[in-house]
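Listed below are the residues making up each chain.
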Amino acid sequence: MLLGVSKLDASKKILIIEDEKNLARFLDLELSHEGYDTTVEGNGRAGLDLALGQDWDVILLDLMLPDLNGFEVCRRIRKEKSTPIIMVTAKDSVLDRVAGLDDGADDYLVKPFAIEELLARLRALIRRSDMERQSRAAHQKQIVFRDLIIEPQTRTVIRGSEIIQLSKRESSLLLILVENANTVVPRDELLRQVWGYNEQVATNVVDVYVRYLRNKIDRPNRRSYIQTVRGTGYVMHS
């Protein structure tokens, strides 16, 4: 059984740049069935024009395309846009994977693949992209959360008459939790958002920094702003 698209993902726009007609039709049907708004293009140059001419939530990009190959399409998109890109290709060598990711792809999926895996990767990429977008927007303004005033640009929290200075990562962690108030944010999602995919960190680093945050922003003898959901992650209730 396929996992259905979440309400957060509904109506997300997906551009499929794939010249293999049977696969393109299969992807179009499956993703449309899951609630995504899909567009299919089989030509590399035409696909690039679509990618640059409209706003997309994710682009699925084949490598072996007529007129312009997927590597070049990806490079040109990255010069102008940060749209998430998943390369979907039969080229499975390490060199191809590295080249694709270095050219700006966010993920790389080798054919043949299970549609369930593609759907899971789409959900993860859309979730991460949405959280990054929210974080960028939050950095432009002052945020009020319960009795806390958060100033992202200066990485400070005002609680009553007290001004609390946060480190860069403490601030990033707090912003993600506040932006997703009343929603449990998994530890691995916090790890990806705050520390990034490529940085080697201890698995308990999220717990350590949550403790740092609690020590700074919580009031003595009061319930913590940040609640632990055992085995999953953390949540801040508004």
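All values reported here derive from a predicted model rather than from experimental measurement.

Peer 1: How do you make sense of the sheet that holds strand β10 (residues 185–186) when you look at a structure like this?
Peer 2: Overall, antiparallel pairing links the three strands, which are arranged β10-β12-β11 in an open sheet. Only two strands of the sheet have a single partner each, and these edge strands are β10 and β11 (226–229). Two strands pair when backbone bridges link them, and β11 and strand β12 (residues 233–236) are joined in this way by four bridges, in the antiparallel orientation. If you follow Gln227 over to β12, its bridge partner there is Val235. Running over the sheet, helix α6 (residues 168–179) touches β10, β11 and β12 and is turned about 65° from β12.

Peer 1: Would you explain helix α1 (residues 21–33) in this entry?
Peer 2: One turn of the α-helix equals 3.6 residues, which is why residues spaced by three or four share an orientation. Taking 1.5 Å as the rise per residue, α1 with 13 residues should run 18 Å; its terminal C-alpha atoms sit 18 Å apart, in good agreement. Inspection of α1 places Leu23, Ala24, Leu27 and Leu31 among the buried residues, and these make up the whole buried set. Seen along its axis, α1 keeps its buried residues to an arc of 100°; they face one direction. Across α1 from its buried face, at more than 90 degrees, point the exposed residues Lys21, Asn22, Arg25 and His33. Gly35 lies just past α1 and shows a positive phi near 105°.

Peer 1: Where do I start with the pairing of strand β2 (residues 37–41) in this structure?
Peer 2: Each regular strand carries side chains that alternate between the two faces of the sheet. Here five bridges tie strand β1 (residues 13–17) to β2, and the two strands are oriented parallel to one another. Paired with Ile14 across the bridge in β2 is Thr38.

Peer 1: Is there a simple way to explain the nonpolar core in this structure?
Peer 2: Considering soluble globular proteins, one finds that nonpolar side chains tend to be buried as a cluster. Counting residues in hydrophobic clusters, the biggest one holds 29 residues, and the most contacted among them are Ile150, Leu173, Leu174, Leu177, Leu190, Ile226 and Met236. When residues of this core are traced back to their parent elements, those giving at least two are β6 (143–145), β7 (148–151), α6, α7 (187–195), α8 (205–217) and β12. The element best represented in this core is α8, accounting for seven residues. Membership of the second largest hydrophobic core comes to 19 residues, among which are Leu15, Ile77, Ile85 and Tyr108.

Peer 1: For this particular structure, what's the right way to read α6?
Peer 2: Between its first and last C-alpha atoms α6 spans 16 Å; for twelve residues at 1.5 Å apiece the expected length is 16 Å, and the two agree. If you check which residues of α6 are buried, you get Glu170, Ser171, Leu173, Leu174, Leu175, Ile176, Leu177 and Val178.

Peer 1: Whenever I open this one, the packing of α6 against α8 confuses me. Can you help?
Peer 2: Here α6 crosses α8 at 90°, and the two axes come no closer than 10 Å. The pairing of α6 with α8 is recorded here as roughly perpendicular in orientation. Residues Arg169, Glu170, Leu173 and Leu174 of α6 pack against Val206, Tyr209, Val210, Tyr212, Leu213, Lys216 and Ile217 of α8. Of the residues contributing to the contact of α6 with α8, the split by class is eight nonpolar, no polar and three charged.

Definitions and cut-offs
- Residues numbered from 1 in each chain as written.
- Predicted model: local features only at pLDDT ≥ 70, side-chain atom pairs only at ≥ 80, totals over all residues.
- Heavy atoms only, no water.
- Pairing = 2+ DSSP bridges.
- Helix = DSSP H or I, 4+ residues; strand = E, 2+ residues; numbered from the N terminus.
- Contact = heavy atoms within 4.5 Å.
- Axes fitted to C-alpha atoms, helices over the stretch in contact; angles between N-to-C directions.
- Expected span 1.5 Å × (residues − 1).
- Buried < 20%, exposed > 50% of the residue type's maximum accessible area, 1.4 Å probe, protein only.
- Arc of directions from axis to C-beta.
- Core = buried A, V, L, I, M, F, W, Y, C linked by side-chain atoms within 4.5 Å.
- Parallel < 35°, antiparallel > 145°, perpendicular 65-115°, else oblique.
- Nonpolar A, V, L, I, M, F, W, Y, C, P; charged D, E, K, R; others polar.

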